[in-house]
Amino acid sequence: MIHGINVKESRGELLIGIKREQFIAQLMALPDKDDWVNIIISPLRVPVGKAGYTHGVRPQKPKKHAGAEEK
């Protein structure tokens with residue numbers, strides 16, 4: 001799970017709160033492919049915490065991104 005990011009669904013939209021330094025540090029630690037990292041935002045079965053977060057965020061092993069420039 002990636003920490004420093006909270007996701008809550010409200011009125012059909014996803015509200016995303018990011019603790020900038022913590023989130024960036026974790027993104028920088030993820031393996032990348034051509035400077036791309038992949039994360040998955042998926043619904044939780046049960047909302048979490050007092051704020052009722054409805055989605056979790058986790059990394060995914062990177063694949064070559066279709067928009068990546070060839071080197």
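So, here is what we can say about the structure in this document. Quick caveat, the model's predicted, so the values are computed rather than measured.

1. Comments concerning the overall build of the chain
Of regular secondary structure, the chain possesses 1 helix and 4 strands. Helices and strands appear in the chain in the N-to-C order β-β-α-β-β. Nonlocal contacts in the chain, meaning residues at least 24 apart in sequence, comprise 41% of its contacts between residues at least 6 apart. A total of about 5900 Å² of accessible surface is found on the chain, and carbon and sulfur atoms cover 53% of it.

2. Overview of the environment of Phe23
Along the chain, the position of Phe23 falls in helix H1 (residues 20-29). Judged by its relative accessible area of 10%, Phe23 falls in the buried class. Along the backbone, Phe23 and His3 are 20 residues apart, and their C-alpha atoms lie at a distance of 6.6 Å. Among residues more than four places away in sequence, those in contact with Phe23 are Ile2, His3, Gly4, Ile5, Ile18 and Ile39.

Cut-off values and rules
- Each chain has its residues counted from 1, running along the sequence as written.
- Local features in this predicted model are restricted to residues whose pLDDT is 70 or higher, and side-chain atom pairs enter the listing and the counts only when it is 80 or higher, whereas totals over whole chains, interfaces and linings include all residues.
- Values shown for side chains rest on all heavy atoms present in the structure; no hydrogens or waters enter the calculation.
- Helix numbers and strand numbers start at the N terminus; a helix is a DSSP run of H or I with at least 4 residues, a strand a run of E with at least 2.
- Throughout, a contact is declared for two residues whenever any of their heavy atoms are within 4.5 Å.
- Per-residue accessibility takes into account occlusion by the displayed protein chains alone, with areas from the Shrake-Rupley method and a 1.4 Å probe.
- When a residue's accessible area, from a 1.4 Å probe over protein chains only, is under 20% of the maximum for its type it is buried; when over 50% it is exposed; and in between it is partly exposed.

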